Amino acid sequence: MQRISQKPCDQQIFSPLAEELYEGLSADKKIIDPKFFYNQRGSELFDQITQTEEYYPTRTEKKILADNAMEIAGYIGDDVVLIEPGAGNCDKVKALLPVVRPKAYVPQDISAAFLQQTTAELRQQFHWLNVEPVVGDFSAGMELSTPLPQGRRVVFYPGSTIGNFHPQAAALFLRQLHALVGHGGGLIIGVDLQKKSSLLNAAYNDQGGITSAFNLNILNHANELLNANFDTKNFSHLAFYNDEMQRIEMHLVSNCQQHIDCGGGRIYFNNGERIHTECSYKYTVESFIQLAAECGFIGVKSWLDDDRLFSLHYLLAD
């Protein structure tokens, strides 16, 4: 089959976000940015992943937060504007809100419907809380569309989402966060740690197949954005730990030779060809603190679980 990818005939149907998605699928080595996981269904599936027995990061980080909430609040201080990029269901921040009591909480997420739902739930649970949701792509930088109360800015970035960035991109993003909070601002960030590959492989290949469904659902999102005709039955989930790169990789593998129509264009797949959908880099405490220092942050305090699976750090912007 001839390998040709044509640009769509009608460019007006493509938003900048969809154009980015199309460019990645049209590349010689096909790639979809992991932010495209999170349409409404993708967000729901990720919530289910966090509850599986194999997926340790969420429950481990939540325990670290619960066990150390008062101490973390002491480092954060008073009268802060708490900002959470990629907030999702805002579940983890709930451990901090009652003890920090920020002037404002700013959750940002790419899924407008999911953000609207979680914002409503937060306002019902915390009647005193000023919630200022921002719909947008946090990986492209924080665009705060509403004026915020005066106060020191602190970013809350749990979940080891920093691991989804390649090292150079992670450094760039940390510098963007430094610019957002400014001198004297803070960053609370979760970072997954290096460990046995068997634990990592199991975490991304749960027996219930939820991670597989989550990975495949990115194609349903592509259908929505590109007016495409991906059939998830024609692709398979693949996830493994790359020891050399010290990262989990997730891919979708084409089960046959096929082509996909999208908005007037056509994308071809060979049998066995992959779409790279996610990387999740794993750090040591020392390697992450060094990276943060290169981006203008001072490591103030780190918290780990007893098994040293996961870490939470409070960093101060120099």
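Quick summary incoming for the structure in this document. Predicted, not measured: the structure shown is a model, and the values here were computed from it. Numbering of residues begins from 1 in every chain and follows the order in which that chain's sequence is written. Totals for whole chains, interfaces and linings use all residues, but because this is a predicted model, local features are given only for residues with pLDDT of at least 70 and pairs of side-chain atoms are given and counted only at 80 or more. Think of the side-chain values as coming from all heavy atoms in the structure, minus any hydrogens and water.

Side note on the sheet that holds strand E3 (residues 134-135)
For clarity, the cut-off: We treat two strands as partners when DSSP finds at least two bridges between them. For the purposes of this entry, the term helix denotes a DSSP run of H or I that reaches at least four residues, the term strand denotes a run of E that reaches at least two, and both are numbered from the N terminus. By definition, residues are in contact when any of their heavy atoms lie within 4.5 Å. Axes, fitted as lines to C-alpha atoms, cover a helix only where it is in contact. Angles between the N-to-C directions of the axes lie from 0 to 180 degrees.
Read from one edge to the other, the open sheet built from seven strands follows the order E3-E2-E1-E4-E5-E12-E11, with strand pairing classed as mixed. The sheet is open, and its two edges are formed by E3 and strand E11 (297-304), each paired on a single side. One ladder, built from four bridges, connects strand E4 (residues 152-157) with strand E5 (residues 186-192); its direction is parallel. Bridge pairing in E5 places tyrosine 157 opposite isoleucine 189. Strand contacts of helix H5 (residues 112-125): strand E2 (104-109) and E3, with the helix running at about 155° to E2, the strand carrying the most contacts. Helix-sheet contacts for helix H6 (residues 167-181) involve strand E1 (80-85), E4, E5, E11 and strand E12 (310-317), and the interaxial angle to E4 is about 150°.

A word on the packing of aromatic side chains
Put simply, the rule reads: Centres within 6.5 Å are what make two rings of Phe, Tyr or Trp a pair, Trp counting through its six-membered ring; a difference in plane orientation under 30 degrees is then read as stacked, over 60 as edge-to-face, and the rest as tilted. Here the term buried applies to any residue with accessible area under 20% of the maximum for its type, exposed to any over 50%, and partly exposed to those in between, with areas from a 1.4 Å probe on protein chains only. Lysine and arginine charges are scored as sitting over a ring when NZ or CZ, respectively, is within 6 Å of the ring centre and within 35 degrees of the ring normal.
One pass over the full model with this rule turns up 16 aromatic pairs. Here the aromatic rings of phenylalanine 165 and phenylalanine 173 are separated by 4.8 Å at their centres, their planes lie at 15°, and the arrangement is stacked. When its relative accessible area of 14% is taken as the criterion, phenylalanine 165 is described as buried. Its relative accessible area of 2% is what places phenylalanine 173 among the buried residues. Aromatic pair phenylalanine 230 and phenylalanine 269: ring centres 6.3 Å apart, planes at 75°, arrangement edge-to-face. Separated by 39 residues along the polypeptide, phenylalanine 230 in the loop between helix H8 (210-226) and strand E6 (235-242) and phenylalanine 269 in strand E9 (residues 265-269) bring together distant segments of the chain. The rings of Phe37, Tyr38, Phe46, Tyr55, Tyr204 and Phe214 are connected pair by pair, giving a single aromatic cluster. The ring of tryptophan 128 has arginine 101 lying over it, and the distance from NZ or CZ to the ring centre is 4.0 Å.

Don't take any of this as a statement about function, it's just geometry.
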